[in-house]
Amino acid sequence: MTKHYWNQDPAAPAPPTWQQTPRAVPPQLGRGGAAPSAPVQPAAGPGAQPPATSVTPPGARAARRGVGVLRHWRLLVAAVVPSLLLAGIGWWLWPQPPASGPPHIAEGTVQADLLSADSVSKLAGTTVVAGPQSNRPHAPLAVTPSECVIAAGPTTQSVYGQAWKAFLSATYQDAAGSGSYTVNQVIGVFPDSEKATAAFRTLADGLTKCPSSTLTDQAGRTSKWTYTAHPATEVAVAWTATQGDTANWACYHQARVKGASLIQTSVCQAGDGEPSVSVIADELTGKVTG
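Draft legend 1. A look at the overall build of the chain. Summing up its helical and strand segments, the chain has 7 helices and 9 strands in all. In the chain, the share of contacts with a sequence separation of at least 24, taken over all contacts with a separation of at least 6, comes to 57%. When the accessible surface of the chain is totalled, it reaches about 18,600 Å², and 60% of it is carbon and sulfur.

Structural data, given as structure tokens:
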């Protein structure tokens, strides 16, 4: 059966919070809100004729009122409709927040093969929560000496290159978010088993060339690491990366090649993480169909 893979794009950021525009207050009708009084007509002098008055037929007055009301509504519509139109366009173009709930995961994809945070928690004997994910390998790391680029970055392009057709790296961390315990799972699927095996050999050979390194991160900070690799088999290799300037802190790694997939797991902690990384690697490898 042909497997179909898809790479999940990073989730879109939530849109900014809507701000309600204060409702405009109508201008006051004179001081204190009262309507202005009518102008006072001058008093009529002796012999003055009373002002002529014209009597408008009721029908004409009603017609003029109708014309005034119609003109008023035309002006109101002319002012309001553009605002409503712009508001409607803005609402339509405004980025929508992601739907709640877990995304649909198609069977047979790298996302489906990934161990959940609950599964990892049971295997590791501690509670972890989901952290960042990536659907492509990171660029090679800045490391000294240069032959340590694979040992320092086993899940980067230095190992996986550009020939993969599906990739997923997921990091889980302790529930407190302190970084005192992290678990990483990586699944890289290649077009065929030969390319997956070639990537695995690149990793295994690179581990034998680097006993120690100095790693420089993107912020310019450096850290020293030493590497201890166990003898590799045709399909598996295990090694430990110990941080030199941190007491009792190390990352325990395992890599397995299965069919057209190169799988890696790691557990970083203060203490012995080898038992945990072994059971996690076994479980993850069992889920990957190759």
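Draft legend 2. The arrangement of the packing of aromatic side chains in detail. Under the defined criterion, the tally for this structure stands at 3 aromatic pairs. Between the aromatic rings of tyrosine 160 and phenylalanine 167, the centroid separation amounts to 5.2 Å while the plane-to-plane angle is 80°, which identifies the pairing as edge-to-face. Just as tyrosine 160 is buried, phenylalanine 167 falls in that class too. Ring geometry for tryptophan 164 and phenylalanine 167: centres 5.9 Å apart, planes at 50°, overall tilted. Of the residues examined, tryptophan 164 reaches a relative accessible area of 14% and is grouped as buried. Through pairs of rings, three or more aromatic residues link up here, namely Tyr160, Trp164, Phe167 and Phe190.

Draft legend 3. Region of the structure containing the nonpolar core. Ranked by internal contacts, the top residues of the largest apolar core, which has 29 residues, are Tyr160, Phe190, Leu203, Trp225, Tyr227, Val237 and Leu262. At the level of elements, helix 4 (149-152), helix 5 (157-160), helix 6 (193-207), strand 6 (222-229), strand 7 (236-243), strand 8 (250-258) and strand 9 (261-269) are the ones that each hand at least two residues to this core. Of the residues forming this core, the biggest block, 5 residues, is contributed by helix 6. Counting 23 residues, the second largest nonpolar core, distinct from the first, contains Ala170, Tyr172, Tyr181 and Ile280.

Draft legend 4. A look at the state of the cysteines. The full count for this structure, using the stated rule, is 2 disulfides. With a sulfur-sulfur separation of 1.9 Å, cysteine 148 is cross-linked through a disulfide to cysteine 210. The disulfide joining cysteine 148 to cysteine 210 has a torsion of about 100° about its S-S bond and is therefore right-handed. Of the two residues, cysteine 148 is situated in the loop between strand 2 (142-144) and helix 4 and cysteine 210 in the loop between helix 6 and strand 5 (212-216); the sequence distance between them amounts to 62 residues. The same class applies to cysteine 148 and to cysteine 210, which are both buried.

Draft legend 5. Up close: helix 3 (residues 117-124). All of the buried residues in helix 3 are Ala117, Val120, Ser121 and Ala124. The buried residues of helix 3 occupy an angular sector of 105° when the element is viewed end-on, so they sit on one face. With respect to the buried face of helix 3, the exposed residues turned more than 90 degrees away are Asp118 and Lys122. Looking at the residues trailing helix 3, positive phi occurs at glycine 125, about 75°.

Draft legend 6. A look at the environment of valine 186. Checked against the element boundaries, valine 186 lands in strand 4 (residues 181-189). Note: C-alpha distance between valine 186 and leucine 284 (98 residues apart in sequence) is 9.5 Å. In contact with valine 186, not counting residues within four places along its chain, are Thr155, Tyr160, Phe167, Leu168, Ser169, Leu262, Ile263 and Gln264.

Draft legend 7. Structural view of the pairing of strand 6. The pairing of strand 5 with strand 6 spans 5 bridges and is classified as antiparallel. Its bridge partner lying in strand 6, serine 212 is registered against threonine 226. In this structure, strand 6 lies alongside strand 7, joined through 5 bridges in antiparallel fashion. Among the inter-strand pairings, threonine 226 is bridged to a residue of strand 7, identified as threonine 242.

Draft legend 8. Representation of the pattern of salt bridges in the model. Evaluated as defined, the whole model comprises 3 salt bridges. As a salt-bridge pair, aspartate 217 and arginine 221 come within 2.9 Å of each other at their nearest N and O atoms. On the accessibility criterion, aspartate 217 (32% relative accessible area) is partly exposed. Notably, a salt bridge pairs arginine 256 with aspartate 282, separated by 2.9 Å at the nearest N-O pair. Of the two residues, arginine 256 sits in strand 8 while aspartate 282 sits in helix 7 (residues 274-287), which places them 26 residues apart along the sequence. The exposure class of aspartate 282 is partly exposed, given its relative accessible area of 46%.

Rules and cut-offs
Residues numbered from 1 in each chain as written. Predicted model: local features only at pLDDT ≥ 70, side-chain atom pairs only at ≥ 80, totals over all residues. Heavy atoms only, no water. Helix = DSSP H or I, 4+ residues; strand = E, 2+ residues; numbered from the N terminus. Contact = heavy atoms within 4.5 Å. Areas by Shrake-Rupley, 256 points an atom, 1.4 Å probe, with all protein chains shown as cover. Phe/Tyr/Trp six-rings, centres within 6.5 Å; stacked < 30°, edge-to-face > 60°. Buried < 20%, exposed > 50% of the residue type's maximum accessible area, 1.4 Å probe, protein only. Core = buried A, V, L, I, M, F, W, Y, C linked by side-chain atoms within 4.5 Å. Disulfide = S-S within 2.5 Å. Arc of directions from axis to C-beta. Pairing = 2+ DSSP bridges. Salt bridge = Lys/Arg side-chain N within 4 Å of Asp/Glu carboxyl O.

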